[in-house]
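Remarks on the overall topology
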Amino acid sequence: MGPWEEIRRRIENGDGGDGLVAFLVGLGAADRKAVAAELPGYLAGRVRDESRWGVAGAAPALRMAGAACLGGAAQVAAWLDRRELRTVPSPKADAERISRLVRDRPEPWRRDLARRLAAGLRPGGRGLAGRVDGEPGWDLAATLVIETGIEPPDNDAFVAGWVWHLHHRLWTGAGADLVRDHPLLDFMVPRLFQAEGVARPLAHDRAWNSAYQHPTVIGALAGLAGEGRLDRKALIGGCASKFLNGGDAREVEPFVTLWEELRPEVAELPVVDLVRVLPFAASPLVRLAAAELRRADEAGGLGDELFAEAVGALAFRQERKYVTTALQWIAQSAPTRPATPRPKAPSDRVSGPPDEGTSGRVDGAGGQGASNRVDGAVVALGLVFGVEVPSLRDRAVRLAVKLAPHASRAAREAVREAAAVLPPEALARIAAAYGEVVPAPVEAPVTTPLTAPALPGMPKPIGSAAELAAALSSMSWPHDPIRYELMLAALVEHVHRDREGTAEALRPWRNERWGSFEHGYPLWADPSTCYHPYSLLSLCALAVVSPSDSAVLSRQISDYLARNPPYQTVLDWFIRDRYREVAALFEAGGSVPLLLATPTARTGRLDAATLVDRLELLGDREPLPLDFCQALIRLPRAVDPVALGRAERLTSAAGRRLAAWLRAGGAADPVIAYGPASVMRNLGGYQNYAPVTELHARLTPAPGLPERIRELFTLEPREYFAGHSDRMAWWPSVLPSHREALAAHVLECFAVDLRHRDAQVDVLPALAYGDGPVGRATAAAIVLGMGHKQPAVRVHAIDAAKILALRGELSAGDLGWALATLVALDSVTLKRVAPALEELALSGAHGETWAMLASALPALLPGAGEPARPGLADLLAVAVKAAALAGARTGPQAGARVGIPGLAELAARKGAARPVAEARALLQTIAPA
């Protein structure tokens, strides 16, 4: 047996250990050259037959063979960095073995390889976010860098890999000495503050090692700075430079932690840098910077200009916590001694405060020259005048009035200008202290003409078997249900006309997607994934090319479902069984001329005349049962008399059933009941189940419907994960003429999935474009979508509301009921719903939004002595805008509706709490005095 045959045998037997190392070390130059010539073709063949995941088990042996036999350092580095070979089960053992295999190479060659491997490291793909085992290839690159003594190339992934390496060693019991004595320490520490990707391993290390009382990387670095092994100033400066580079909370938080463990003295604080980060920094850094700057200020290490810049930046941020910090800091720094009296300047419109001359200098908390500090403070307070939180705004006004005697003329002018946006009472207080203030003109909310996203056009029909094969090969996410319907229809028609020709056209697709069955089925064909239409359509196509293989897989699917009955909705079962109906037909060698249910409209609807045409072509053949059921419930609600007349003349059994269906007016809508129910749900975490009260819709089908259609019109609340679906995009095309029944199923799914942020809210626009009545289930589904945690997802619910509004079908009463009910059940929060309703109002649906809020507010307003709900102020602010845009008026004086119960009582409460202020604004808008 030659050397290549022996190596190939070892590779295919999974021998990637020391035995292969010994064999490779013993090869001569000619044998190595011969093996090197075989390796690329061998790997390409295995990847072609098994996919790159299929060769993962052989990766260690292939890496060793390439390292030992390939010639140049560049060639070896490229081989080791191949995507198929980059990841191995034991990186440390892999590094040790390959290091042994290249130890007899010339030193310049080994240094070249070390540089190439270190420079070529890169983070993985999408899977990196969930990986905690380090950077692929780092162990080998680091081993060679250390052995050859070169300076590591400046590569972010190499730095991140070093942090992962330290984390794993500390986790497995190594002490802090590991970090102190690490040969790469002095190279890596300065790069920590510039490299991208190090925050995640640092954060993961701190979370896990500190939880189990192991040393952490950050703690070790801070300890080494304390003992002088690392330069303390360099670490503090590195953190400051990292802060200045910006980044989200996850990026800066580990460096905030390092800063806190270093505990800089006041003299070590880079106060200028800390002030500069305040306008843009993420929350952990803002908290740190503000605390450190206040510490510096108390010690006299922060001048007036930096103080003014700092409080101004905090006030400008507008977030309540930062504005509160600015106000507290200003109050603490306010002068405690009265201002020195001075003559009133002729041009000064405000009496009392000092001018900018020498007589205006006052002593106080800031000492001599305190007016500079006061000027910065009052300018910052002016920024707070525009916030929407009345308590903060009023506190800023009080502080500004207190500081007025100490402010310069320029500062007073800035305060007067900022005060123009204040409400009348607060504006009057500023005017009394600073002089006349001209109120800003009230700007009416700006709205746009109401528009909604349009439905895309129908895809082109598939004209040939070659086009069908191309369409199957190009199936990718996001999946288009109507496109799948057309592919399934084309598959059925071409098989009936020319099964052999269709099978031949599909054979390249089968070979590409399935490969050889010697290595098992592809992942997408696993029985546990048999619910998705992608897998089901592929199964139907496989049944054409290889009915025996398809039959084996279908049996496995049936066995799997018998052993593992899933939580699936009746809609998902219906879709799955329609595809399996076609696959079973093909597996049995049968065919039908065409499918009846293929939609003729993007919504999924089927034109009645087209269905009659298809039944005429079908002749006396019996249609596929589920295909016929789907065709019936895709028909429009309005009966076409011409189509009915043609159906009456059909002689087949299916034709007679269609005629009877049309005469009866189609499927009668189910009876729908709405109300709360307590069901067991997972609240997050393992086995964390508890009863939860949710809003549900119950469906009871009308009598006389076919059994499978009765199932679609039957619904009761179900426990745990029942109701969940990953395929809601297919649902609107199943019930395109029964929106409220469909919405009841959507509501059941949302009850499960919104809790875990998995709800497919993008189903709502397609639902809205359907036909049939809309009611409380539709309204509740839209409100739940508006309450999603992610603003980008709420857009779909807003679009659905716009579609209904444009069609004159948006029921304000149902939406108001849904909002009040879901808030009472804690299913949605006003804080999330309010921005969605504001966007809806400003998008042109202001009348509908106002009517909805007018309906919901009586149930949402607090009773006597009750606190306001969280987020109520935001909702009332939206109501003010919607009412203004709609020109709403209430009360007998307007000759319109009666007022909103409870609104006047809330507006009459004492104080300046924001819900009270917004209630007053709404009352003034709809019932001006």
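Residues numbered from 1 in each chain as written. Predicted model: local features only at pLDDT ≥ 70, side-chain atom pairs only at ≥ 80, totals over all residues. Heavy atoms only, no water.

1. Description of the overall build of the chain
- Scanning the chain from N- to C-terminus turns up 45 helices and two strands.
- Out of the 929 residues belonging to the chain, those deemed buried represent 52%.
- Accessible surface for the chain amounts to roughly 40100 Å². Of this, 54% is attributable to carbon and sulfur atoms. (Helix = DSSP H or I, 4+ residues; strand = E, 2+ residues; numbered from the N terminus. Buried < 20%, exposed > 50% of the residue type's maximum accessible area, 1.4 Å probe, protein only. Areas by Shrake-Rupley, 256 points an atom, 1.4 Å probe, with all protein chains shown as cover.)

2. Describing unusual backbone geometry
- Located in the positive-phi region is R263, a residue other than glycine, with phi close to 50°.
- Of the residues examined, R263 reaches a relative accessible area of 63% and is grouped as exposed.
- We note that D826 has phi near 60°; this positive angle belongs to a residue other than glycine.
- As for its placement among the helices and strands, D826 is situated in the loop between α40 (812–824) and α41 (830–842).

3. Some words on the environment of Y769
- Following the sequence through the fold, Y769 ends up in the loop between α37 (763–768) and α38 (776–786).
- With 32 residues separating them in the primary sequence, Y769 and S737 have C-alpha atoms 9.8 Å apart.
- Excluding residues within four positions of it along the chain, Y769 makes contact with A452, P453, A454, L455, T603, I803 and R807. (Contact = heavy atoms within 4.5 Å.)

4. Quick notes on the pattern of salt bridges
- In total, this model carries 51 salt bridges according to the counting rule given.
- Residue D81 pairs with R86 through a salt bridge whose shortest N-O separation is 3.6 Å.
- Overall, the relative accessible area of 25% leaves D81 in the partly exposed class. (Salt bridge = Lys/Arg side-chain N within 4 Å of Asp/Glu carboxyl O.)

5. Digging into the confidence of the model for the chain
- Here the chain averages 87 in pLDDT, and 90% of its residues register 70 or above.
- This stretch, residues 341–370, has a pLDDT under 50; its non-local contacts, to residues over four places away or in other chains, come to 63 contacts. (pLDDT = per-residue confidence, 0-100.)

6. A closer look at helix α6 (residues 91–101)
- What α6 keeps buried is the set A93, D94, A95, I98, S99 and L101.
- The inward-facing, buried residues of α6 contact α2 (18–25), α4 (59–69), α5 (73–80) and α8 (138–148).

7. Here we look at the packing of aromatic side chains
- Summed over the entire model, instances satisfying the criterion amount to 10 aromatic pairs.
- On the basis of an interplanar angle of 70° and a centroid distance of 6.3 Å, the ring pair of Y674 and W817 is categorised as edge-to-face. Within this pair, whereas Y674 is found in strand β1 (residues 671–682), its partner W817 is found in helix α40, the two being separated by 143 residues in sequence.
- R373 extends its terminal NZ or CZ atom over the ring of F307, reaching a point 4.1 Å from the ring centre. (Phe/Tyr/Trp six-rings, centres within 6.5 Å; stacked < 30°, edge-to-face > 60°. Lys NZ or Arg CZ within 6 Å of the ring centre and 35° of its normal.)

8. So, the packing of α41 against helix α42 (residues 846–860)
- Two elements in contact, α41 and α42, have axes whose closest approach is 9 Å; the angle formed by their N-to-C orientations is 150°. Relative to α42, the element α41 is oriented roughly antiparallel. Two packed elements cross with a definite hand, and for α41 against α42 that hand is left-handed. Side by side, α41 and α42 meet where L830, L837, L840 and A841 of the first sit next to H846, T849, M852, L853 and L860 of the second. (Axes fitted to C-alpha atoms, helices over the stretch in contact; angles between N-to-C directions. Parallel < 35°, antiparallel > 145°, perpendicular 65-115°, else oblique. Left-handed = near helix turned anticlockwise from the far one by under 90°.)

9. What to know about helix α21 (residues 390–403)
- Taking 1.5 Å of rise per residue, the 14 residues of α21 would be expected to cover 20 Å, and the 20 Å separating its terminal C-alpha atoms lies within 8% of that figure.
- When we look at burial in α21, the residues that qualify are P390, L392, R393, D394, A396, V397, L399, A400 and L403. (Expected span 1.5 Å × (residues − 1).)

10. Considerations on the side chain of E6
- If you trace the backbone, E6 turns up in helix α1 (residues 3–12).
- Residue E6 is classed as buried on the basis of its relative accessible area, which comes to 13%.
- Among the polar contacts made by the side chain of E6, one reaches the side chain of R10 at a distance of 2.8 Å. (Polar contact = N/O pair within 3.5 Å; in protein donor to acceptor, adjacent residues only side chain to side chain.)

11. Topic: the nonpolar core
- Counting residues in hydrophobic clusters, the biggest one holds 152 residues, and the most contacted among them are V746, F750, L819, L837, W850 and L922.
- Residue contributions to this core peak at nine residues, all from helix α27 (residues 533–545).
- The residues contacting F750, other than those within four sequence positions of it, are M728, A759, Q760, V761, V763, L764, A781, L784 and G785.
- A195, L221, L306 and Y322 belong to the second-largest nonpolar core, a separate cluster that totals 142 residues. (Core = buried A, V, L, I, M, F, W, Y, C linked by side-chain atoms within 4.5 Å.)

12. What to know about a nonpolar patch on the surface
- On the surface, a cluster of nonpolar side chains totalling about 340 Å² of accessible area is made up of W171, W208 and Y212.
- Checked against the element boundaries, Y212 lands in the loop between α12 (199–211) and α13 (217–226).
- On the accessibility criterion, Y212 (49% relative accessible area) is partly exposed. (Patch = residues over 30% accessible without salt bridge, like charges linked within 9 Å, V, L, I, M, F, W, Y side chains within 5 Å.)

13. Some details on the packing of α13 against helix α15 (residues 249–262)
- Running from N to C, α13 and α15 point in directions that differ by 35°, and their axes come no closer than 9 Å. Classified by chirality, the crossing of α15 by α13 is right-handed. In this structure, α13 contributes I218, G219, L221, A222 and A225 to the contact, and α15 contributes P254, T257, L258, E261 and L262.
- Class assignment for the residues of the contact of α13 with α15 results in seven nonpolar, two polar and one charged. (Nonpolar A, V, L, I, M, F, W, Y, C, P; charged D, E, K, R; others polar.)

14. Observations regarding the environment of T257
- With respect to the helices and strands, T257 occurs in helix α15.
- When the C-alpha positions of T257 and L288 are compared, they lie 9.6 Å apart, and in sequence the two are 31 residues distant.
- Aside from chain neighbours lying at most four places away, what touches T257 is R206 and I218.

15. Regarding the environment of M475
- For M475, the position within the fold is in the loop between α24 (465–473) and α25 (481–497).
- Each C-alpha atom, one on M475 and one on Y534, is 7.7 Å from the other, the two residues being 59 residues apart in sequence.

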